[in-house]
There are 2 protein chains.
Amino acid sequence: MAMGTPPLVDVLSPLDPEEFAVESRAAVDFIAGYYRDIEKYPVRSEAEPGSLRRLLSDEPPENGEPIDGILADVQQYIVPGLTHFQSPNFFAYYPFNASTAGFVGEILCAGLNVAPFTWVASPLATELEGVMMDWIGKLMGLPDCFLFSGGGGGVLHGSTCEAVICTLVAARDRALNRLTHEGILKMVVYASDQSHSTFQKGAKLVGIPPSNFRVIQTSAAFSYGLTVDSVRNAVEADIARGLVPLYLCATVGTTGVGAVDPVGELGELAQHYGMWLHVDAAYAGSALICPEFQDCIQGVGLADSVSMNPHKWFLTNMDCCCLWVTSPAVLTSALSITPEYLNDISHGSAAKTGMIDYKDWQIALTRRFRAIKLWVVLRRYGAVGLRANIRRHVEMAKWFELALKADDRFEVIVPRRFSLVCFRFRPRYEGDHTVDALNRKLLNVVNASGKAFMIHTIVDNKFVIRLAIGATMTEMRHIRDTFELVQEKATEIGQDRD
Amino acid sequence: MAMGTPPLVDVLSPLDPEEFAVESRAAVDFIAGYYRDIEKYPVRSEAEPGSLRRLLSDEPPENGEPIDGILADVQQYIVPGLTHFQSPNFFAYYPFNASTAGFVGEILCAGLNVAPFTWVASPLATELEGVMMDWIGKLMGLPDCFLFSGGGGGVLHGSTCEAVICTLVAARDRALNRLTHEGILKMVVYASDQSHSTFQKGAKLVGIPPSNFRVIQTSAAFSYGLTVDSVRNAVEADIARGLVPLYLCATVGTTGVGAVDPVGELGELAQHYGMWLHVDAAYAGSALICPEFQDCIQGVGLADSVSMNPHKWFLTNMDCCCLWVTSPAVLTSALSITPEYLNDISHGSAAKTGMIDYKDWQIALTRRFRAIKLWVVLRRYGAVGLRANIRRHVEMAKWFELALKADDRFEVIVPRRFSLVCFRFRPRYEGDHTVDALNRKLLNVVNASGKAFMIHTIVDNKFVIRLAIGATMTEMRHIRDTFELVQEKATEIGQDRD
């Protein structure tokens with residue numbers, strides 16, 4: 001064979017190790033500098049639509065350029081216009097916990113750049129994922145039925161939404177085994193008015209008629225948790241109409257107000273009616289590693305699946321959602337399709353015991369090596385460090401709650417359970433009808449100050465301000481400053497009205 | 001207010017900038033070393049199930065530890081057991097292109113750790129995504145109808161599967177506007193026997209009855225592309241049965257053999273029957289940036305959506321899938337659900353023009369800042385560098401194809417179009433029935449050598465070996481060595497039989 005090398009074939013070397021190290025270290029230093037300076041930026045971006053598009057060319061660049069200028073442009077054009085999720089004064093949504101170990105895990109994941117969709121595509125990446133799921137399940141106090149060692153098992157998704165869709169499809173297809181496909185028109189999904197919107201979106205995505213999604217009302221009397229009676233009433237009414245109860249969602253730490261549904265009691269109910277019970281512990285699941293929060297999941301062994309997002313409050317950079325199921329076979333029989341090119345011909349079928357193909361545990365084929373990120377986080381901080389991370393934020397929230405209670409212009413609307421404080425400004429002289437407008441104004445001026453970013457929710461028709469504590473860099477001084485900021489802005493608003 | 005600081009609150013500082021820089025640089029150097037040594041490892045892992053689990057503790061660690069020991073364990077326990085997607089001798093599936101710029105982009109994404117799910121949650125991250133979608137669309141030669149500037153628009157997903165599900169749901173719900181929900185039972189999805197399995201999985205996920213998924217046969221006569229006649233026949237037969245043609249998938253570069261469906265003709269057909277046409281260009285979409293491949297998408301303006309995965313062949317680390325649609329409103333009306341806590345109270349509704357909420361363009365709420373990765377890649381390499389990356393791999397594939405043709409023991413099964421070569425070993429003296437077994441054996445011994453990793457597919461009942469060229473570090477010498485390896489192993493297998 002003497003065919004020669006085609007011209008230009010080997011010119012580009014975009015993974016040259018020396019260049020890789022130099023440019024990547026520059027990027028690391030860029031991020032270290034970002035963390036050092038993060039308090040200089042307004043927490044919530046004030047950028048206007050079109051402001052970046054106007055600065056960038058309409059056309060993609062024809063020629064490449066060195067990394068330094070690119071990083072300088074990220075600093076000049078992008079960073080000032082971001083909403084800073086890692087700011088210590090970020091109290092919106094729920095936390096998105098970056099950490100050094102989570103970042104190192106991302107470096108390993110992105111650098112190794114392997115895709116563990118089948119066993120043979122990445123044997124040890126697959127196996128590490130299984131071990132991590134058992135480790136975290138144990139830390140959270142999940143019973144053996146959710147662990148591989150107990151016949152269940154877990155998988156890493158990118159988001160709760162993906163996890164929910166997979167469980168909805170598993171429940172749907174388990175039910176369709178008894179029904180013809182028309183059965184899909186009769187299936188009903190139950191959630192509370194505090195459940196995450198992902199359940200409604202997920203149910204719609206998998207073909208459940210939107211009119212068969214039940215939103216069960218909660219109330220202050222039960223701290224906005226579901227009651228067994230209310231669910232039973234809804235289920236019985238549907239059965240009487242000839243419908244099929246399919247899936248019930250229980251939440252440990254709802255997004256709006258941090259409410260906790262009675263997991264064990266709902267589990268008994270779900271079993272009685274043959275419904276799938278999913279426990280969404282996206283945010284508060286991390287807190288379960290502290291024994292003092294274990295009561296929130298009493299009876300979880302009666303559930304079919306549980307999910308928790310390490311990218312929220314577990315010192316793990318995005319994205320990462322743990323899903324555990326008691327019956328992997330129900331999940332994989334709903335999600336498994338294997339084209340010829342993914343048939344592994346190197347192992348006989350007898351040898352395949354223990355060879356998990358994670359593509360059958362999720363929506364997509366492609367998947368990142370997220371397990372290595374969790375391995376680094378768990379080893380770098382240990383259970384002790386992760387518990388300390390939870391507890392310091394809970395202590396900060398307790399302090400803020402007490403501070404609010406000590407100022408009679410404020411009300412705490414829902415008893416705090418984790419690190420979320422839901423409150424509103426309520427000067428004595430105001431009638432009910434103006435309180436919402438006042439709080440809307442208060443939230444807007446607090447956020448517009450750039451010194452903190454919070455969002456609101458509405459419960460019992462009340463506009464409520466949410467302070468979700470949990471950013472990695474938040475210290476007590478930020479909580480004190482934020483309380484003073486809220487007091488000061490409330491005073492200004494009060495004076496405006498005099 | 002004098003309430004004191006609770007004990008232990010501020011002890012942990014997992015984002016201390018100095019510590020962050022030191023540990024992250026160590027991780028960068030680890031990956032640089034991995035790339036330096038990557039050819040030392042067998043490409044495909046030979047690890048057995050349980051081999052890692054046996055080495056790790058059953059219990060999660062109680063105490064944290066320094067990063068050095070963790071990285072040493074990644075080296076000792078994980079790296080040798082991986083299948084090395086970044087090896088220059090990785091020819092399985094399709095490429096997963098890591099690059100320095102893609103990695104720097106991942107560093108920025110993971111370090112900034114923002115979630116652009118709504119405009120207010122990340123204004124400039126949202127806006128950069130829009131600009132990147134327009135840039136890449138232009139580079140690929142997509143018509144204006146897919147660009148924001150032309151009334152369409154794009155979004156970054158993690159995988160084709162997610163993109164496909166979103167378009168299936170959009171098509172489904174657009175059709176349901178004219179039908180009652182029972183209509184879902186009549187909807188039909190069309191794909192070829194070469195289409196990616198994600199379409200079948202996606203259709204099942206969104207509630208289309210599995211019996212309504214049509215797999216249309218392709219043949220060597222049309223290089224395994226769909227023909228308009230075969231699709232029309234299938235559609236007409238379904239209409240005669242009272243079914244509703246919903247969605248047609250065309251592929252530019254199928255996974256099995258790299259086939260190309262006639263996009264423009266299928267577009268006319270889809271318009272005629274009111275079907276949604278999706279063009280899956282996951283792999284070969286990257287090649288469209290070279291004018292010599294533009295003929296593959298002639299008539300794409302008649303499609304409803306197009307997807308392409310930069311994480312395959314566009315020097316972009318996982319994960320990243322571009323989805324463009326001509327009618328964003330159809331997508332968002334199917335995918336939009338906004339709970340109260342995501343209502344942005346800071347901007348009046350009049351101001352919201354141009355404020356994209358990307359949560360309504362995808363399955364999940366949470367999403368990573370993938371746009372910054374593409375910005376770094378596009379600027380670092382420019383269109384010139386990205387085209388050179390495609391062309392050098394295509395040249396290598398041409399060389400391999402010619403080399404096979406020059407050795408009369410081999411057949412090229414499908415004419416090569418991009419960088420995938422599909423071939424088999426066929427010594428003259430062998431009857432048809434033993435050729436499959438020979439090739440199965442050849443593939444197994446090649447892969448077991450550790451010097452290369454390929455996979456197979458089956459077309460026209462033939463077992464075919466796929467050599468998918470495209471790893472970032474692959475140079476001509478690896479292709480020459482791999483050809484010699486294949487020749488050598490084929491000779492050995494031939495001798496065994498004498």
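Reading the values: the criteria
- Residues numbered from 1 in each chain as written.
- Chains lettered and ligands numbered in written order.
- Predicted model: local features only at pLDDT ≥ 70, side-chain atom pairs only at ≥ 80, totals over all residues.
- Heavy atoms only, no water.
- UniProt positions renumbered as here; feature names shortened; annotations may be inferred.
- Helix = DSSP H or I, 4+ residues; strand = E, 2+ residues; numbered from the N terminus.
- Rg over C-alpha atoms; globule rule 2.2 N^0.38 Å.
- Buried < 20%, exposed > 50% of the residue type's maximum accessible area, 1.4 Å probe, protein only.
- Areas by Shrake-Rupley, 256 points an atom, 1.4 Å probe, with all protein chains shown as cover.
- Lys, Arg positive; Asp, Glu negative; His and termini not counted.
- Charge placed at Lys NZ, Arg CZ, Asp CG, Glu CD.
- Expected span 1.5 Å × (residues − 1).
- Domains from an automatic or database assignment.
- Contact = heavy atoms within 4.5 Å.
- Polar contact = N/O pair within 3.5 Å; in protein donor to acceptor, adjacent residues only side chain to side chain.
- Buried area = accessible area lost by both parts, 1.4 Å probe.
- Salt bridge = Lys/Arg side-chain N within 4 Å of Asp/Glu carboxyl O.
- Nonpolar A, V, L, I, M, F, W, Y, C, P; charged D, E, K, R; others polar.
- Least-squares fit on C-alpha atoms with pLDDT ≥ 70 in both.
- Pairing = 2+ DSSP bridges.
- Axes fitted to C-alpha atoms, helices over the stretch in contact; angles between N-to-C directions.
- Disulfide = S-S within 2.5 Å.
- Phe/Tyr/Trp six-rings, centres within 6.5 Å; stacked < 30°, edge-to-face > 60°.

As annotated in an unreviewed UniProt entry, chain A carries the name Tyrosine/DOPA decarboxylase 2 and comes from Aegilops tauschii subsp. strangulata. Taken directly from UniProt, the Sequence similarities (unreviewed entry) text for chain A runs: "Belongs to the group II decarboxylase family." Listed under Cofactor (unreviewed entry) in UniProt, the entry text for chain A is "pyridoxal 5'-phosphate".

Draft legend 1. Fine view of the overall build of chain A. Per the secondary structure count, chain A includes 14 helices and eleven strands. The C-alpha radius of gyration computed for chain A amounts to 25 Å, which stays within 12% of the reference 23 Å derived for 498 residues, consistent with globular compactness. With respect to the three principal axes, the spread of C-alpha positions in chain A is 95 × 65 × 45 Å. Each of the 498 residues in chain A was classed as buried or not, and the buried ones make up 68%. On chain A, roughly 15,700 Å² of surface is accessible, and the fraction owed to carbon and sulfur atoms is 50%. With 45 positive and 56 negative side-chain charges, chain A shows a spacing of 5 Å between the two charge centroids.

Draft legend 2. Region of interest: helix α5 (residues 123–139) of chain A. All names here are of chain A. Counted at 1.5 Å a residue, the expected span for α5 with its 17 residues is 24 Å, and the 25 Å between its end C-alpha atoms agrees. Among the 17 residues that make up α5, 16 are buried, leaving the element largely enclosed by the rest of the structure. Once α5 ends, the next one or two residues include Gly141, with phi positive near 80°.

Draft legend 3. Here's a closer look at the domain arrangement of chain A. In terms of domains, chain A is made up of domain 1 (17–84) and domain 2 (104–339 + 350–380). The gap between the C-alpha centroids of domain 1 of chain A and domain 2 of chain A is 36 Å.

Draft legend 4. Spotlight on the environment of Trp276(B). All names here are of chain B. With respect to the helices and strands, the residue Trp276 is situated in strand β5 (residues 276–280). Along the primary structure Trp276 and Pro245 are separated by 31 residues, whereas in three dimensions their C-alpha atoms are 8.9 Å apart. With residues near it in sequence (within four places) discarded, Trp276 still touches Thr167, Ala170, Ala171, Arg174, Leu246, Tyr247, Leu248, Asp304, Ser305 and Val330. For Trp276, the side chain forms a polar contact with the side chain of Ser305, separated by 2.7 Å.

Draft legend 5. Spatial organisation of unusual backbone geometry. Omega for the peptide link from Met318(A) to Asp319(A) comes to -10°, which places this bond in the cis form. In this structure, Ser223(A) is a non-glycine residue whose phi angle is positive, near 50°. Along the chain, Ser223(A) falls in the loop between β3 (213–216) and α8 (228–240). Since its relative accessible area comes to 33%, Ser223(A) is described here as partly exposed. One non-glycine residue, Asp460(B), lies in positive phi territory at about 50°. Mapped onto the elements, Asp460(B) comes out in the loop between β10 (455–459) and β11 (462–468).

Draft legend 6. Here's a closer look at the interface of chain A and chain B. Contact with chain A, which involves 183 residues of that partner, is made by 181 residues of chain B. For the chain A and chain B pair, buried surface summed over both sides reaches about 16,400 Å², with 66% attributable to carbon and sulfur atoms. Considering only the surface of chain A that becomes buried against chain B, Leu15(A), Tyr341(A) and Arg379(A) emerge as the three largest contributors, covering 5% of it. Remark: the boundary between chain A and chain B carries 22 salt bridges. Notably, a salt bridge pairs Arg387(B) with Glu62(A), separated by 2.8 Å at the nearest N-O pair. At the boundary of chain A with chain B, the tally comes to 74 residue pairs in polar contact (both at pLDDT 80 or more). Here the side of chain A that touches chain B takes 19 residues from helix α12 (residues 370–405) of chain A, the largest share from any one element. Residues that form the side of chain A that touches chain B fall into these classes: 100 nonpolar, 45 polar and 38 charged.

Draft legend 7. Just the relation of the copies chain A and chain B, in detail. Note on the copies: chain A fits chain B at an RMSD of 0.0 Å, the axial shift is 0.0 Å, and the rotation between them is 180°. On the angle and the small slide along the axis, the relation comes out as a two-fold axis. Mapped onto chain B, 99% of the interface residues of chain A are again interface residues, and the two copies thus contact each other with one and the same surface.

Draft legend 8. A look at the sheet that holds strand β8 (residues 410–414) of chain B. Residues and elements named next belong to chain B. With antiparallel pairing, four strands are arranged side by side in an open sheet as β8-β9-β11-β10. For this open sheet the edge positions go to β8 and β10, each flanked by a neighbour on one side alone. Across the sheet, the axes of successive neighbouring strands diverge by a mean angle of 45°, strand direction being ignored. Examined bridge by bridge, β10 and β11 share five bridges and lie antiparallel to one another.

Draft legend 9. Summary view of the state of the cysteines. Residue and element names in this part refer to chain B. What the rule picks out here adds up to zero disulfides over all chains. Here Cys296 stays free of any disulfide, with the sulfur of Cys290 as its closest cysteine sulfur at 11 Å. Judged by its relative accessible area of 4%, Cys296 is buried. Counting only cysteine sulfurs, Cys296 is the nearest neighbor of Cys422, a cysteine outside any disulfide, at a range of 15 Å.

Draft legend 10. Inspection of the sheet that holds strand β6 (residues 305–308) of chain A at higher detail. Residues and elements named next belong to chain A. Strand order in the open sheet formed by seven strands is β1-β7-β6-β5-β4-β2-β3, with mixed pairing between adjacent strands. Every other strand in the sheet has two partners, leaving β1 (153–157) and β3 as the edge strands with one partner each. For this sheet, the mean angle separating the axes of adjacent strands, direction not counted, is 20°. With five bridges connecting them, β1 and strand β7 (residues 321–325) associate as antiparallel partners. Bridge pairing links His157 to Cys321 in β7.

Draft legend 11. Inspection of the packing of aromatic side chains at higher detail. Summed over all chains, the structure comprises 50 aromatic pairs over all chains. With a centroid separation of 4.6 Å and an interplanar angle of 45°, the aromatic rings of Phe20(A) and Phe103(B) are classed as tilted. Of this pair, Phe20(A) sits in helix α1 (residues 17–37) while Phe103(B) sits in helix α3 (residues 100–112), which puts the two residues in different chains. Side by side, Phe20(A) and Phe103(B) carry an identical accessibility label, which is buried. With 6.4 Å between their ring centres and 55° between their planes, Phe410(B) and Phe483(B) make a pair best called tilted. Of this pair, Phe410(B) sits in strand β8 while Phe483(B) sits in helix α13 (residues 476–496), placing them 73 residues apart in sequence.

Draft legend 12. How the structure looks around the environment of Asp29(B). Inspection of the secondary structure assignment puts Asp29(B) in helix α1 (residues 17–37). Residue Asp29(B) is classed as partly exposed on the basis of its relative accessible area, which comes to 33%. The spacing of Asp29(B) and Gln76(B) is 47 residues in sequence and 16 Å in space, taken between C-alpha atoms. When residues no more than four places from it in sequence are discounted, the contact partners of Asp29(B) are Ala21(A) and Arg25(A).

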